[in-house]
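# Commentary on secondary and tertiary structure
Each chain is listed here by its residues.
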Amino acid sequence: MTRKITMMKAINEALDIAMERDEKVILLGEDIAGGATVEHLNGKGAWGGVFGLTKGLVEKYGTERVIDTPISEMGYMGAAVGAAATGLRPVPELMFNDFIGFCFDTILAQGSKMRYMFGGKATIPMTIRTNHGAGASAAAQHSGSYYGILGSIPGIKVVVPSNPYDAKGLLLSAIEDDNIVVFSEDKTLYGLKGEVPEGYYTVEIGKAKVKREGTDLTIVSIGKMLYVAEEVADRLAEEGVSVEVIDLLTVAPWDQETVIHSVKKTNRLIVIDESNPHNNTATDIASVVSDKAFDYLDAPVKCVCAPNTPVPFAKNLEELYIPNADKVLKVADDIIFDLKNRTLV
Amino acid sequence: MTRKITMMKAINEALDIAMERDEKVILLGEDIAGGATVEHLNGKGAWGGVFGLTKGLVEKYGTERVIDTPISEMGYMGAAVGAAATGLRPVPELMFNDFIGFCFDTILAQGSKMRYMFGGKATIPMTIRTNHGAGASAAAQHSGSYYGILGSIPGIKVVVPSNPYDAKGLLLSAIEDDNIVVFSEDKTLYGLKGEVPEGYYTVEIGKAKVKREGTDLTIVSIGKMLYVAEEVADRLAEEGVSVEVIDLLTVAPWDQETVIHSVKKTNRLIVIDESNPHNNTATDIASVVSDKAFDYLDAPVKCVCAPNTPVPFAKNLEELYIPNADKVLKVADDIIFDLKNRTLV
Amino acid sequence: MEKKDALWIYEKMNDIRLFEDKVHEIFSSGEIPGFVHLYAGEEAVATGVCAHLNDNDYITSTHRGHGHCIAKGCDLNGMMAEIFGKETGLCKGKGGSMHIADIDKGMLGANGMVGGGFPLAVGAGLRNKYLKTDNVVVCFFGDGAANEGTFHEGLNLASIWKLPVIFVCENNMFGEATPQAYASASKTIAERSVAYNMPGVRVDGKNVLEVYEEAGNAIERARNGEGPTLIECVTYRNYGHFEGDEQKYKAKDGTEKELADKDCITIFRKQAIELNLMTENEADEIEKASVERIQAAIQFAKESPLPRPEALYEDVYA
Amino acid sequence: MEKKDALWIYEKMNDIRLFEDKVHEIFSSGEIPGFVHLYAGEEAVATGVCAHLNDNDYITSTHRGHGHCIAKGCDLNGMMAEIFGKETGLCKGKGGSMHIADIDKGMLGANGMVGGGFPLAVGAGLRNKYLKTDNVVVCFFGDGAANEGTFHEGLNLASIWKLPVIFVCENNMFGEATPQAYASASKTIAERSVAYNMPGVRVDGKNVLEVYEEAGNAIERARNGEGPTLIECVTYRNYGHFEGDEQKYKAKDGTEKELADKDCITIFRKQAIELNLMTENEADEIEKASVERIQAAIQFAKESPLPRPEALYEDVYA
Ligand SMILES: Cc1ncc(C[n+]2csc(CCOP(=O)(O)OP(=O)(O)O)c2C)c(N)n1
Ligand SMILES: Cc1ncc(C[n+]2csc(CCOP(=O)(O)OP(=O)(O)O)c2C)c(N)n1
Ligand SMILES: [Mg+2]
Ligand SMILES: [Mg+2]
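Residues numbered from 1 in each chain as written. Chains lettered and ligands numbered in written order. Predicted model: local features only at pLDDT ≥ 70, side-chain atom pairs only at ≥ 80, totals over all residues. Heavy atoms only, no water.

Chain C has the name Acetoin:2,6-dichlorophenolindophenol oxidoreductase subunit alpha in an unreviewed UniProt entry, where Caldibacillus thermoamylovorans is given as its organism.

Looking at an unreviewed UniProt entry, chain A carries the name Alpha-ketoacid dehydrogenase subunit beta, with the source organism given as Caldifermentibacillus hisashii.

### Let's talk about the interface of chain D and chain C
Each partner contributes residues to the interface: chain D has 22 residues there, and chain C has 22 residues. Taken over both partners, the interface formed by chain D and chain C buries close to 1,700 Å², and the fraction arising from carbon and sulfur atoms is 53%. When the buried surface of chain D facing chain C is broken down by residue, H152(D), A185(D) and A195(D) rank first, second and third, together holding 31% of it. By residue number, the principal contributor to the side of chain D that touches chain C is helix 6 (residues 149-160) of chain D, which donates seven residues. For the side of chain D that touches chain C, a count of residues per class yields 10 nonpolar, eight polar and four charged. (Contact = heavy atoms within 4.5 Å. Buried area = accessible area lost by both parts, 1.4 Å probe. Helix = DSSP H or I, 4+ residues; strand = E, 2+ residues; numbered from the N terminus. Nonpolar A, V, L, I, M, F, W, Y, C, P; charged D, E, K, R; others polar.)

### Things to note about the coordination of the magnesium ion (ligand 3)
All names here are of chain C. Within the protein, D143 (OD), N172 (OD1) and F174 (O) serve as the donor atoms for the magnesium ion (ligand 3), at 2.0 to 2.1 Å. Motif for the magnesium ion (ligand 3), donor spacing along one chain: D-x28-N-x1-F. On the basis of relative accessible area, F174 is assigned to the buried category, the value being 4%. (Donors = N, O, S within 2.8 Å, 3.2 Å for Na, K, Ca; no water. Buried < 20%, exposed > 50% of the residue type's maximum accessible area, 1.4 Å probe, protein only.)

### Overview of the packing of helix 1 (residues 3-28) of chain D against helix 2 (residues 43-50) of chain D
Residue and element names in this part refer to chain D. The contact between helix 1 and helix 2 brings their axes to 9 Å, and the two run at 145°. Of the two elements, helix 1 crosses helix 2, and the hand of that crossing is right-handed. Mapping the contact onto sequence places W8, I9, K12, M13, I16 and R17 in helix 1 and E43, A44, T47 and C50 in helix 2. Looking at the contact of helix 1 with helix 2 residue by residue, the classes come out as six nonpolar, one polar and three charged. (Axes fitted to C-alpha atoms, helices over the stretch in contact; angles between N-to-C directions. Left-handed = near helix turned anticlockwise from the far one by under 90°.)

### Brief notes about the relation of the copies chain B and chain A
Note on the identical chains: chain B maps onto chain A by a rotation of 180° and an axial translation of 0.0 Å, with an RMSD of 0.0 Å. Both chain copies can therefore be described as sitting about a two-fold axis. (Least-squares fit on C-alpha atoms with pLDDT ≥ 70 in both.)

### Section: the pattern of salt bridges
Counting across every chain of the model gives 83 salt bridges over all chains. Across the pair R3(B) and E198(B) runs a salt bridge, and its minimum N-O distance is 3.8 Å. Remark: E198(B) occurs in the loop between strand 8 (193-195) and strand 9 (209-212) and R3(B) occurs in the segment before strand 1 (4-6); sequence separation between them is 195 residues. For R3(B), a relative accessible area of 23% gives the class partly exposed. E198(B) gets classed as exposed once you look at its relative accessible area, which sits at 59%. D284(C) is the partner of R269(C) in a salt bridge, and the nearest nitrogen-oxygen pair spans 3.0 Å. In this pair, R269(C) sits in helix 10 (residues 264-274) while D284(C) sits in helix 11 (residues 280-303), placing the two residues 15 residues apart along the sequence. A relative accessible area of 37% places D284(C) in the partly exposed class. In the salt-bridge network here, residues are joined through shared partners; they are R3(A), E13(A), K168(A) and E198(A). (Salt bridge = Lys/Arg side-chain N within 4 Å of Asp/Glu carboxyl O.)

Shown next as structure tokens:
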């Protein structure tokens, strides 16, 4: 298992395998084939999605299963709900999670509520692939992180992978799941490489992973923030502080057991979340842990999030916008001051 | 100041006064005049909104200022953003906050971000009136509470009034505010009466109100949940527990100062929020208070919210869905057990 | 039209009318909670269209969905119990009037969101085409819904993908209190079909024979893979927009009076008898049987228990 | 067309072309971050339309907005600095290419959301009408955007309210890599005007004289309170959808070749000289001056500082 591939390739493989295993899986989205409908391309895609994630799939599965849509997010996302309710297993792509405002009703009021409203008689097996995140100089309307908004909706699951291995396994799980699963990719991680087995495997939705064990402080990270957490862990290790790093992977429903278990051991928690700071996954975790692990906490739970602003365009401002190790360390300082001094004592 | 009027009338008065004071104020929405465009009604509204909140306004201000729209939420809500950016002060009505999925882009990606994206050169003075809340047997698609989702968006303010006095004053403030303010009414409170002065006055956005002082436990409530909080306070008073009740009024940005000041005194906090339980205002408050008042808390902050389900139709289930005094008391029991015994000791 | 279709239509028309008249009555007594939008007056549309459908065909519906449900074969007892919010309802009492559904019958749900049905219908149509079935989807919607963006996206998608979807507009002149003549820039809804390169027809929605014929043509084309059609049915509702509406916006003269005076059931009874599709006797029998069925449904609903408390937490995730 | 308009148009066309060619060059060197969509090839549309506008008229724009900005009179230095993400940018470097705006110039912003401009234009039109001005709003949008629900809602609203809004479609045959012929059920965008009861015309978008004339008619009608118009301009972009696009989807023959071969600037230079609206000399001077202005803009942008760090937190609330 030494093959290293990019996140992009891992996602592409998952789609390929899912389509091979189940004819009911179809893809819909804007330019996910890309030009496959142009005569001289003869059904071959020109693009495979704006980021190339669906490359090669239209050539293999045809335009009936890799469906380019007009720019009609409400239309095709709602069509995915309708197709799912009637027996297919659609995997629509929302090109950027920032476009959610164009198809929000199909998620908020239709897809997520159908099963409940219909007394359990509807099943909506559908995976919405999308991406989030700042860092690509894509500015305010193409860089937001809205998995927290989606995660607040009952009936929806939301997955945010941090690495190629989990991305592939989680996407396969998502597509097999009988619920609407939002699979939100960080667009700045597409080029990230990691070890990924060939063929089919799944990673369980709803389970966080302890990436590194520690005893003094737990850091829970979402998606790309894992790498910030790891840098922080490295830097604190130098000061004798042992950090447990947890990669959340599923933000709704998030893995309370793993997180609380860790905090009961370390007695301290920082959550890193690139969302805007209010009513997000980080504050949800903070509130639940502050409650359920109240007697175990030696310091307040801290959230390190993006500021309460849209994403700025200028490179220097965008860098400031994204949570980074320095910001986390500054917060950490407050809650582990005594620990850091330990080595000095 | 002994005049008692309903919430409905208070809101209607605020609109009337705002329109009288400023010609730039216009109203838009579905049937907010209601039939005013029908010939035999001669510009008189048949409805004044589905709940009658805008009754009489078209007769006074004409169809140019009280504009019935087709069923085109994205169109007219976005038009309100455009009109605001170019100098008017529109007050669109979204008939139910559950319809947000039809116009979310105009809020999430356009209106809330314009000023920032344009480097401060846009001002969007606009108030979105809408309603939320279960209890009217309106079922899953007409009973949700989404002020928490809206409150997570930078650039937006969100107000949730609990009574006629504050509703009128806050709505006048909202309309004068140079930002997008979402004014979210609880549809089951429209008939509630309270003392309301005639004429113009404002209530400050961003300030919570201490409705009842206490020393043992703080309860922060949102909107209608105030009445649950008051019932709990009464019942706990019988057991010798002194409850401080805070009506949040503005959910974004919420009044950290007032809440934290109170918790530093009472050392205990319960937040009641009818939203679904994740990533909502209650968890935001819990996380901030658990952090900033860490050393003052004698017990974990508790959130009492709606369950993680859509709103059910059946009356008995809907009643169970909405947070009530019994549920709060059960939670309170855990965190004030020692206090309740105090009188017995 | 064959005799059996005529009898079926007359039966369903009566079921719908009686169902709605009774719900109207009971609602005013306070026994039915929530928002109820009655279909009475528009029976010719749902029945004339659904007469061509089988259980494997799908429909999407609206907030005014009882008529579509009945015409698509939903159980009357289950429907009534649902509207009462009882455990025996089609949705276990969790949906209510605006969300009655029965996917097994191809009924994809009444819909509280105006314009919510277009994308769902496109999806079901995509499914039918992808699985190479000859099943169709009928998307019922109102004149008001035709101004939602989903109308545009839905018709465009159905057309470019040549999906077996029939878009049936129930133009009852109003969206709530707002007249179609004000809200729509186009005079008719049918003429919008040009923008989607699909056939568009406008029929007298009070005349079930007309509806039946045009729907039949469109459905046949759809089954043959020839793509979608837009059918506008001009109709009028007997009651207010929802229960409690004073209806001051309705005109007492002109087109509106004409429409109000036309009763689609009376008209069809006469037509069917004249065309030897139904005898007086059969008509009487059907009417009587309807009364009994609806009475039974009401009794069933009233006697049914409320949902168990735990039902609150069930059916959120599969 | 008067001589001064011709000179103005020729100048703006050159400014746009050079601006875009230079941005293309600099982008590939890595100095410009983010997503950039170039307008080169479509200059006849923005200039032919904006030639009729003054600072009190509004426009809404798209992700491909540089041309609209320049034609509406935005400062070239401020634009270039914005694209570089510098403090001196029109939006203080916080917006970037997809969000350049200058409300003082009536430019309501490039827009990263396809179809985002329709409702905004309706709102500005409502404002113009409400305040009884004779100012108009031009809503630029692409062929791809015409399939968004906002197109439908926007055109319907503008029509029923008779707003002074001109909807100008830049049909460059593609939305990203997807051909208009596939994505739109209607053959042309102009024919959709029927659904909104407004005039619809289709013009050669490579011919600025044609654009100028039809836009002039529509804008005059709008100023006179006669309501909106839909104008479809057939055009083609010189570059890829965004910088980095290989453009394999473009055909090398047929209509596409014809369009690719037509250079709107060359065409207009010839026309204007023939019509005695411009001399060879004037044309040369204009071209030279453009080069200098764009050079200066680039230098200005390069030399400008990055935004202050605190700017991150500013301009969220008024
Ligand atoms: C998205 C959305 N917007 C608004 C409403 C409120 N509403 C319910 S029914 C209705 C009128 C619908 O008119 P039409 O489509 O003509 O159907 P009709 O009621 O006449 O059958 C409106 C505006 C809604 N339920 N959903
Ligand atoms: C709501 C939304 N959907 C999708 C996109 C991604 N996107 C950006 S440009 C574009 C194509 C737009 O095509 P068209 O309207 O024809 O404009 P053109 O690029 O050809 O000028 C797409 C799909 C977007 N930015 N916003
Ligand atoms: Mg109607
Ligand atoms: Mg295009």
